[in-house]
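Residue-level listing of the chains:
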Amino acid sequence: MRALLLLLIFISLVFSMDLRKVRDNLYMAQGVNQLPSKENRGFMSNAYGLLTKEGWIVVDALSNPELAREFIKELKKIKDAPILYVIITHYHMDHWFGASAFKEAGAKIIAHRNLKEFYDSGEADMVLEGVKKSFPGVFDNVRPVPPDVVVDSRVKLRVGKKKIEIIPMTPAHTNTDLVVFVDGMLFTGDLTANERIPFMGDRNVYSKGWVEVLDRMIRLRPKLVLSGHGDPGGVEVIKWTRDYLVFVREKVRRLKDEGLFVDEIREALKDTPYKKYPMYDVFHLRNVYSVFNELDMEL
Ligand SMILES: [Zn+2]
């Protein structure tokens, strides 16, 4: 009996989704800096809940409906108010694949128009089949759902007295990126990462455009930058990400101009000052490869 009790306590400690209060009326579920696994249950990205007088606005839907339901449960513990909207920052699995649970909870889903195309074309189902195989046990209950509202230009969403700006920022990290700007808070999805190596390996990545949208985001002068992974921070989070992107682009371009092949460039850029940051081992060399290919197209 005691063993069972200890086991239950252990399970609840491992699996509890403690929300972090970022500031008044803003809460986050903060995932770990890892790839999805059975152990982390795909909880490796952030989701945010913003409480308004009318109800909750959520940014990003986590990796699967199980995690999304836990997040909803925790939000309702803070305030038992309706979940009005969930805004999806881009089509990656860890930001979108929990959306069906929000839909069941009555929320309207808002996303970039290209995400709807990704869904309509059947590509989302193909990606889902792929990640089910790559990360067994994490995505089994995922059912991709299309957005109820699509965005392809800057729009203002009115919720009571609050004006929430939704601004597409594409193409950059993907071709479905958008940011959410409200009361000085900028929700950036994976366009920024607070001292964490960003992923530049999506097939729709466009690092040149990504640097440009980061400049646009700096000009918005946000007070608080809330990324899809890692800790909240100030405008320096945007600058840090920009510095890394520019660093990779310039290094790859120089070595390419010197006539090096991609494998030689990868070898030359294996060790960089960014090596100490999370996800370097997972993403950095893929980023180099991806930028190499992109620079081919820019010629
Ligand atoms: Zn992403």
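All of these numbers come straight from a predicted model, not from anything done at the bench. (Residues numbered from 1 in each chain as written. Predicted model: local features only at pLDDT ≥ 70, side-chain atom pairs only at ≥ 80, totals over all residues.)

(A) Structural context of the overall build of the chain. Assigned secondary structure in the chain consists of 10 helices and 12 strands. Taken against the 2.2 N^0.38 rule, which gives 19 Å for 299 residues, the C-alpha radius of gyration of the chain at 19 Å falls within 12% of a compact globule. For the chain, the spread of C-alpha atoms along the three principal axes comes to 65 × 50 × 35 Å. Considering only contacts in the chain between residues 6 or more positions apart, those separated by 24 or more positions represent 65%. (Helix = DSSP H or I, 4+ residues; strand = E, 2+ residues; numbered from the N terminus. Rg over C-alpha atoms; globule rule 2.2 N^0.38 Å. Contact = placed C-beta atoms within 7 Å.)

(B) Main features of unusual backbone geometry. In this model, Thr-170 is joined to Pro-171 through a cis peptide bond whose omega is -15°. A positive phi angle is found at Leu-62, which is not glycine, with a value near 65°. Its location among the elements puts Leu-62 in the loop between strand S4 (56-59) and helix H2 (65-78). Its identity as a non-glycine residue notwithstanding, Glu-195 has a phi of 50°, on the positive side.

(C) Seen up close, the pairing of S4. Neither face of S4 is open: one carries Trp-56 and Val-58, the other Ile-57 and Val-59, and all of them are buried. Pairing of strand S3 (residues 47-51) with S4, which is carried by 4 bridges, proceeds in the antiparallel orientation. For Gly-49, the partnering residue across the bridge sits in S4 and is Val-58. Counting the residues that bridge the hairpin from S3 to S4 gives 4 residues, and of these Gly-55 lies at a positive phi of roughly 150°. (Buried ≥ 20, exposed ≤ 12 C-beta atoms within 10 Å, placed from the backbone. Pairing = 2+ DSSP bridges.)

(D) Examining the sheet that holds strand S7 (residues 149-151) more closely. A sheet is described by the order of its strands in space; here 7 strands give the open sequence S1-S2-S3-S4-S5-S6-S7, paired in mixed fashion. Of all strands in the sheet, those with a lone pairing partner are strand S1 (20-23) and S7, marking the two edges. Averaged over all pairs of adjacent strands, the angle between their axes in this sheet comes to 25°, without regard to strand direction. Relative to strand S2 (residues 26-29), H2 is tilted by about 155°, and along the sheet it contacts S2, S3, S4 and strand S5 (83-87). (Axes fitted to C-alpha atoms, helices over the stretch in contact; angles between N-to-C directions.)

(E) View of the nonpolar core. Ranked by size, the top nonpolar core spans 82 residues in total, and within it Val-58, Val-86, Ile-88 and Phe-102 carry the most contacts. Here Phe-102 is in contact with Val-58, Ala-61, Ala-68, Ile-83, Val-86, Ala-107 and Ile-109, once residues within four sequence places are set aside. (Core = buried A, V, L, I, M, F, W, Y, C linked by C-beta atoms within 7 Å.)

(F) Layout of helix H5 (residues 113-120). Along H5, the residues classified as buried are Asn-114, Leu-115, Lys-116 and Phe-118. Among the structural elements, strand S6 (108-112), helix H6 (123-134) and S7 are those in contact with the buried residues of H5. Count one or two residues on from H5 and you reach Gly-122, which has phi positive near 90°.

(G) Geometry of the sheet that holds strand S11 (residues 185-189). Reading across from one edge, S8-S9-S10-S11-S12 is the order of the 5 strands in this open sheet, with mixed pairing throughout. Strands at the two margins of the open sheet, each flanked by one partner only, are strand S8 (155-159) and strand S12 (224-227). In this sheet, neighbouring strand axes are inclined to one another by 20° on average, regardless of whether the strands run parallel or antiparallel. With 4 bridges connecting them, S11 and S12 associate as parallel partners. Its bridge partner being in S12, Leu-186 is matched across the sheet by Val-225.

(H) Representation of the packing of helix H7 (residues 207-219) against helix H8 (residues 236-257) in the model. The contact between H7 and H8 brings their axes to 10 Å, and the two run at 155°. Regarding the angle of H7 to H8, the classification is roughly antiparallel. Read as a crossing pair, H7 and H8 show a hand that is left-handed. The segment H7 lies against H8, with Ser-207, Trp-210, Val-211, Leu-214, Met-217 and Ile-218 engaging Ile-238, Lys-239, Thr-241, Arg-242, Leu-245, Val-246 and Arg-249. Grouping the amino acids of the contact of H7 with H8 by side-chain chemistry returns 8 nonpolar, 2 polar and 3 charged. (Parallel < 35°, antiparallel > 145°, perpendicular 65-115°, else oblique. Left-handed = near helix turned anticlockwise from the far one by under 90°. Nonpolar A, V, L, I, M, F, W, Y, C, P; charged D, E, K, R; others polar.)

(I) Looking closely at the packing of H8 against helix H10 (residues 280-298). Axis separation between H8 and H10 bottoms out at 9 Å; the angle between their running directions is 60°. Accordingly, the angle class assigned to the pair H8 and H10 is oblique. The way H8 lies across H10 gives a crossing that is right-handed. Contacts between H8 and H10 pair Val-248, Arg-249, Val-252, Arg-253 and Lys-256 from the former with Asn-287, Val-288, Val-291, Phe-292 and Leu-295 from the latter. A breakdown of the residues in the contact of H8 with H10 according to their chemical character gives 6 nonpolar, 1 polar and 3 charged.

(J) Representation of H7 in the model. With 13 residues, H7 should cover 18 Å at 1.5 Å per step; its first-to-last C-alpha distance of 19 Å lies within 8% of that length. All buried positions along H7 are accounted for by Ser-207, Trp-210, Val-213, Leu-214 and Met-217. Buried residues along H7 cover an arc of 110° about the axis, so they all sit on one side. Within H7, the exposed residues directed more than 90 degrees away from the buried face are Asp-215 and Arg-219. Phi for Arg-221, located one or two positions after H7, is positive at around 50°. (Expected span 1.5 Å × (residues − 1). Arc of directions from axis to C-beta.)

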